[in-house]
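# Observations on the three-dimensional arrangement
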Amino acid sequence: ILTRKPQNVAVETNPSHELNVVQVDTPSPGPTECLVHVTATGICGSDVHFWKDGCIGTSVIDRPVGLGHESAGVVVQTGKECGRVKVGDRVALECGIPCSKPTCEACRTGRYHACPAIIFYSSPPVPGTLRRYHAHPEAWLHVLPDSISDEEGALLEPLSVALAGIERSGLRLGESLVICGAGPIGLVTLLAAHAAGAAPIVITDLEASRLEMAKRLVPRVRTLLVERGRDAKANAELIKQELGREAKLVIECTGAESSIHTGIYASQFGGAVYVIGVGKDFQQIPFMYASFREIDIRFQFRYHETYPKAIMLVSEGLIDLKPLVTHRFTLEQGREAFEAASNPAAKAVKVQLLDG
Ligand code: NAD
Ligand code: ZN
């Protein structure tokens, strides 16, 4: 650590919707923790929401809180009881830390993302990993092979969301798929669905630039530019035309009510709309349409056991995350980075903060 920058800094927001790069103490790792120099962190939509809106659901910014949970870095110190991870290892940080007690049914049965005692870095009041030095439980560090860069290591977090979606949605080789929304989550879902053999695939968005990125990532994908104000049934008709059929599966990656409606109307009898996007607390759905066509509507909360698979898929070359990073800033440029991530005119897909 002596050869590294001495001062720890963190990017945080507060109840006045300010975004500040602040000096913070460097933590000393507990016996089962490692001190990580975080070298790459992506900005997630939720970080922007916490800054602009001050809350997500029941998670409220009621004091200054550090942001960020899409991080990778290098281990600079290990706690006394650590053994698996070594100083100098490059790691991806899994940011939901469950209790892992055998008395916890969620943890014991392997659905640790459902642990009622889970803490998630960057979910207030727990500070995020968008900082220079961060103490992280060794158990939730994933060692990266040389073939995965720090930037890609940070993208394993959104990729994890997509992998959980691929698994839970029941997507199958050679079956049709519609992805609603081509933001970072829709795009990593596209990459994962392409690797998993979904065909044909249609992806939608309101922004042409995002569909261009989709084409760049997966040239065979079919795209549909959704016009604001066009009704959901009309959008669904256009999707079905692009797809050449009704959808077996729709993976919804916007959380927008109109997009969920579109997904339901684009589905075949017995199809499924799998909702990764999050949105308003209460939403209407075309209930009888879904009922009369046995359309399953299912949801996702984060992920579990996805990092090892994500590392394998990237290191074996089945998924290339690199083109997703469109904007890079230093940690000290935290404010500029958040401006780029929140300003549609910047046409950013993934903004990352890097610290060498
Ligand atoms: P994003 O806001 O960057 O991307 C959403 C995209 O959807 C944008 O490109 C936008 O133009 C497009 N869009 C909006 N309304 C649309 C519509 N009606 N039709 C078509 N496209 C539309 O967000 P993101 O980072 O890609 O995340 C996507 C969603 O997934 C968000 O709601 C996010 O909160 C959620 N999310 C859920 C989980 C989970 O565990 N379930 C995890 C991470 C993110
Ligand atoms: Zn638990």
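For the structure given in this document, a descriptive report is provided here. The structure displayed is predicted, hence computed values, not measured ones. Numbering of residues starts from 1 in each chain and follows the order in which that chain's sequence is written. Chains carry letters and ligands carry numbers; both start at the beginning, A for chains and 1 for ligands, and go up in the order they are written. Where local features are concerned, this predicted model is filtered to residues with pLDDT of at least 70; where side-chain atom pairs are given and counted, the filter is 80 or more; whole-chain, interface and lining totals use all residues. Side-chain figures throughout are based on the complete set of non-hydrogen atoms in the structure, without hydrogens or water.

As a further point, take the coordination of the zinc ion (ligand 2). Protein coordination of the zinc ion (ligand 2) is provided by C99 (SG), C104 (SG), C107 (SG) and C115 (SG), with donor distances spanning 2.3 Å. Read N to C, the donor residues that coordinate the zinc ion (ligand 2) are spaced as C-x4-C-x2-C-x7-C. Placement of C99 in the loop between β9 (96-97) and α2 (105-108) and of C115 in the loop between α2 and β10 (119-120) is noted, with a sequence separation of 16 residues between them. Shown as donors are all N, O and S atoms within 2.8 Å of a metal ion, widened to 3.2 Å for Na, K and Ca; because water is not in the atom set, sites may appear incomplete. Secondary structure counts use DSSP, requiring at least four H or I residues in a row for a helix and at least two E residues in a row for a strand, with both numbered from the N terminus.

With that settled, the discussion passes to the packing of helix α4 (residues 184-195) against helix α5 (residues 208-217). Simply put, an axis is a line fit to the C-alpha atoms, just over the touching stretch for a helix, and the angle between two N-to-C directions goes from 0 to 180 degrees. For the pair α4 and α5, interaxial distance at closest approach is 10 Å and the crossing angle is 20°. On the basis of the axis angle, α4 is roughly parallel to α5. Relative to α5, α4 is oriented so that their crossing is right-handed. Contacts from P184, L187, L190 and L191 of α4 reach α5 at R210, M213, A214 and L217. In the scheme used here, Gly and all other residues not listed as nonpolar or charged are polar, with Ala, Val, Leu, Ile, Met, Phe, Trp, Tyr, Cys and Pro taken as nonpolar and Asp, Glu, Lys and Arg as charged. The class makeup of the residues in the contact of α4 with α5 is seven nonpolar, no polar and one charged. Under this scheme an angle from 65 to 115 degrees is roughly perpendicular, one under 35 degrees roughly parallel, and one over 145 degrees roughly antiparallel; angles in between are oblique. By definition, any crossing whose near helix is turned counterclockwise from its far helix by less than a right angle is left-handed, and any crossing with a clockwise turn is right-handed. Note on contacts: a residue pair is in contact if any heavy atoms of the two residues lie within 4.5 Å.

Here we come to helix α3 (residues 150-169). Given a rise of 1.5 Å per residue, 20 residues ought to cover 28 Å, and the 29 Å separating the end C-alpha atoms of α3 matches this to within 8%. Across the chain, bend at a residue is computed as the angle between axes fitted to the seven residues ending at that point and the seven starting from it. Maximal helix bending in α3 amounts to about 35°, located at E157; proline P158 follows within four positions. Buried residues are those whose accessible area, probed at 1.4 Å on protein chains only, stays under 20% of the maximum for their type, while exposed residues exceed 50% and partly exposed ones sit between those limits. Burial analysis of α3 places 16 of its 20 residues in the buried class, the great majority of the element. A positive phi of about 75° marks G170, the residue just after α3. To estimate how far a helix should reach, multiply one less than its number of residues by 1.5 Å.

Of all six residues in strand β1 (residues 8-13), six are buried; the element is thus mostly enclosed. Burial along β1 is two-sided: the residues N8, A10 and E12 and V9, V11 and T13 are all buried. Pairing between strands is defined by DSSP: at least two bridges between the two strands are required. What sits between the antiparallel neighbours β1 and strand β2 (residues 19-24) is a turn of five residues, in which H17 has the positive phi angle 60°.

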